[in-house]
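Chains, contacts and geometry: an overview
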Amino acid sequence: MDETYADANNPTYGARFPGGHQDKFFELYQKGVEIGTWDVEALIADAPVQQDKTEWKRMTDEQQLVWSNLVARFLDGEQNVAIDATKLVQMVDSPYIDDSANKEAFYTGLQFEEVKHTQFCAWYAENVVPDQVFPTIGKGSRHGLSRLDDSSKADHFSERIEDILNTAVYTKQPHDIARAATNYGIFTEGVRARVRYSHMKEMAEETDLRTWLTAIEEISTDEGRHITGQVELIKELVEKEKDGIADYQGVSDTVLTQLQDAVKLLAKGALGSIFQMQIVKDERLADEEFDDQVDHHVKLRMRYLNDIFRETLALPGYDDDNIELQLRAAIDEIRGSVPDTEAFLATIEHNRSAAQDLREYEDGIGLASRPGNR
Ligand SMILES: [Fe+2]
Ligand SMILES: [Fe+2]
């Protein structure tokens with residue numbers, strides 16, 4: 001390649017730095033090309049699919065309810081990120097971001113991988129647990145089914161992260177990019193998804209859905225790269241703040257404000273994990289054991305948060321003791337209003353029957369059979 005073309009003023013892809021320095025984002029993109037191309041069709045062909053189907057039939061109604069809810073949430077979550085990745089690619093095409101072409105390459109790879117994750121989850125929902133997976137909560141429709149309205153919910157987290165991403169795409173300002181990358185890279189992928197993977201592995205000791213877990217292993221390897229890249233993106237902004245560059249001042253505070261915002265969601269997730277486990281194990285914990293579980297789940301979430309905020313980003317304003325206190329307080333507060341596993345089950349059951357009503361209604365007016373609606 002002509003060296004003058006591979007100059008900082010001519011953004012291109014790859015290692016274009018003197019001395020063979022490799023750009024981290026291009027490295028991640030390249031790693032994805034090398035190992036992120038596992039093939040969903042091939043995985044399905046080799047997987048013990050019949051084992052999953054047999055296991056599904058063996059499960060109790062309650063276990064099926066919990067797993068079908070999880071499959072639905074994964075399917076929806078993967079597709080959401082796959083769609084949003086288009087905007088993430090646009091977002092990093094920003095004058096405030098160095099070597100943006102390499103970041104675009106990284107997010108393009110992320111999008112390809114998220115589409116594959118969606119492909120697997122959709123196949124699983126159609127073939128292993130047909131008619132048991134119901135649409136989750138959110139705006140619009142997915143897989144030919146309208147999703148349940150979440151206007152009654154207090155947090156509106158998914159709507160808010162969408163608004164924040166749209167703003168970042170529009171302004172391309174450091175603070176808006178930091179906010180969006182924090183939501184996707186830290187909360188959605190770095191903490192919530194990671195926690196779910198380890199939780200599903202624990203659940204699999206009781207309910208052995210081997211094909212699902214095999215794919216989840218592959219998916220979580222891809223997600224590892226997604227987290228690394230997005231945390232690096234935030235780190236780049238924070239370093240510019242530390243260097244005293246005016247446009248980036250206050251970026252770490254912006255990131256930490258997002259953290260405050262996510263505490264309630266992390267608390268809900270922690271309780272949800274405990275309730276799901278009790279249902280899968282078909283045992284209800286005594287108060288003391290329940291408290292131990294709360295402790296376990298708080299520590300798990302804090303470990304992932306500390307990894308990112310303290311070890312990698314080294315944000316001076318990050319106070320882990322304070323965040324942990326807030327997380328525990330939020331859990332106590334939610335326990336006051338959603339007190340137990342039965343209430344949790346009732347919520348999923350309610351969503352399922354509401355989704356079934358909606359499906360029947362849409363079938364009735366011919367919406368579900370509309371071409372292209374699957
Ligand atoms: Fe994914
Ligand atoms: Fe991802």
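Residue indices follow the written sequence of each chain, beginning from 1 at its first position. Think of it this way: whatever chain is written first is A, whatever ligand is written first is 1, and the rest follow in order. Local features are withheld for residues below a pLDDT of 70 in this predicted model, meaning they are given only at 70 or higher, and side-chain atom pairs are given and counted only at 80 or more; totals for whole chains, interfaces and linings count all residues.

**Some thoughts on the overall build of the chain**
Numbering of helices and strands runs from the N terminus, with a helix taken as a DSSP run of H or I at least four residues long and a strand as a DSSP run of E at least two residues long. Looking only at helices and strands, one finds twelve helices and two strands in the chain. Ordered by position from the N terminus, the helices and strands of the chain form the series α-α-α-α-α-β-β-α-α-α-α-α-α-α. Counting all 374 residues of the chain, 39% fall into the buried class. Contacts spanning at least 24 positions in sequence make up 75% of the contacts within the chain whose residues lie at least 6 apart. Backbone-placed C-beta atoms define the burial measure: a residue is buried with 20 or more other C-beta atoms within 10 Å of its own, exposed with 12 or fewer, and partly exposed in between. Contact criterion: two residues are in contact if their C-beta atoms, reconstructed from the backbone, are within 7 Å.

**Examining helix α9 (residues 251-281)**
Any helix carries an expected span of 1.5 Å times its number of residues minus one. Here α9 spans 44 Å end to end across 31 residues, near enough to the 45 Å set by a 1.5 Å rise per residue. Of all bends in α9, the biggest is about 40°, found at A262. Following α9 by one or two positions, D282 adopts a phi angle in the positive range, close to 55°. The term bend refers to the angle at a residue between two fitted axes, each drawn through seven residues, those ending there and those starting there.

**Details of the nonpolar core**
One finds V71, Y124, I177, A180 and I234 to be the most contacted residues of the largest nonpolar core, which totals 80 residues. In terms of residue count, the dominant contributor to this core is α9 (13 residues). Contacts of A180, omitting those with residues within four sequence positions, involve M91, I164, L165 and A168. Each nonpolar core consists of buried Ala, Val, Leu, Ile, Met, Phe, Trp, Tyr and Cys residues. Their C-beta atoms, within 7 Å, join them into a set.

**What about unusual backbone geometry?**
Its identity is not glycine, yet D99 carries a phi of approximately 45°, on the positive side. Of note, D99 is situated in the loop between α4 (61-91) and α5 (100-127). Within the chain, A314 stands out as a residue other than glycine whose phi angle is a positive 45°.

**Some words on the environment of D23**
By the secondary structure assignment, D23 is in the segment before α1 (24-35). Under the C-beta neighbour-count criterion, D23 is labelled buried, with 21 such atoms within 10 Å. Along the backbone, D23 and N102 are 79 residues apart, and their C-alpha atoms lie at a distance of 7.5 Å.

**What to know about the packing of α9 against helix α11 (residues 320-337)**
As a rule, the C-alpha atoms of each element are fitted with a line to give its axis, helices using only the stretch in contact, and angles between N-to-C directions run from 0 to 180 degrees. Two elements in contact, α9 and α11, have axes whose closest approach is 8 Å; the angle formed by their N-to-C orientations is 50°. Comparing their axes, α11 and α9 come out oblique. Our pair here, α9 against α11, has a crossing hand that is right-handed. The segment α9 lies against α11, with L259, V263, K264, L266, A267, K268, A270 and L271 engaging I323, Q326, L327, A330, I331, I334 and R335. What sets the label is the angle itself: under 35 degrees gives roughly parallel, over 145 gives roughly antiparallel, 65 to 115 gives roughly perpendicular, and the rest give oblique. Each crossing is labelled by how the near helix is turned from the far one, with a counterclockwise turn of less than a right angle marking it left-handed and a clockwise turn marking it right-handed.

**Some words on α4**
Relative to the 45 Å expected for 31 residues at 1.5 Å per residue, α4 spans 44 Å between its end C-alpha atoms, a close match to the ideal helical length. For α4, the principal kink sits at A85 and spans about 35°.

**Thoughts on the packing of helix α10 (residues 287-312) against α11**
Contact pair α10 / α11: the axes reach a minimum separation of 10 Å and the direction vectors enclose 145°. For α10 against α11, the interelement crossing comes out right-handed. In this structure, α10 contributes V294, V298, R301, M302, L305, N306 and R310 to the contact, and α11 contributes D320, I323, E324, L327, R328 and I331. Grouping the amino acids of the contact of α10 with α11 by side-chain chemistry returns seven nonpolar, one polar and five charged. Polarity classes work like this: nonpolar for Ala, Val, Leu, Ile, Met, Phe, Trp, Tyr, Cys and Pro, charged for Asp, Glu, Lys and Arg, and polar for all others, with Gly in that last group.

**Section: the confidence of the model for the chain**
pLDDT expresses how confident the predictor is about each individual residue, on a scale running from 0 to 100. Looking at the chain as a whole, its pLDDT mean stands at 84, while 84% of the residues score no less than 70. Of all secondary-structure elements in the chain, the lowest mean pLDDT belongs to strand β2 (residues 145-146), at 60, while helix α8 (residues 210-242) reaches the highest, 94. The low-confidence segment residues 1-10 (pLDDT under 50) makes four contacts with residues lying over four places distant or belonging to another chain.

**Some thoughts on the environment of F290**
Relative to the helices and strands, F290 resides in helix α10. Given 18 C-beta atoms within 10 Å, F290 falls into the partly exposed group. When the C-alpha positions of F290 and Q278 are compared, they lie 9.8 Å apart, and in sequence the two are twelve residues distant. Contacts of F290, omitting those with residues within four sequence positions, involve I274 and L285.

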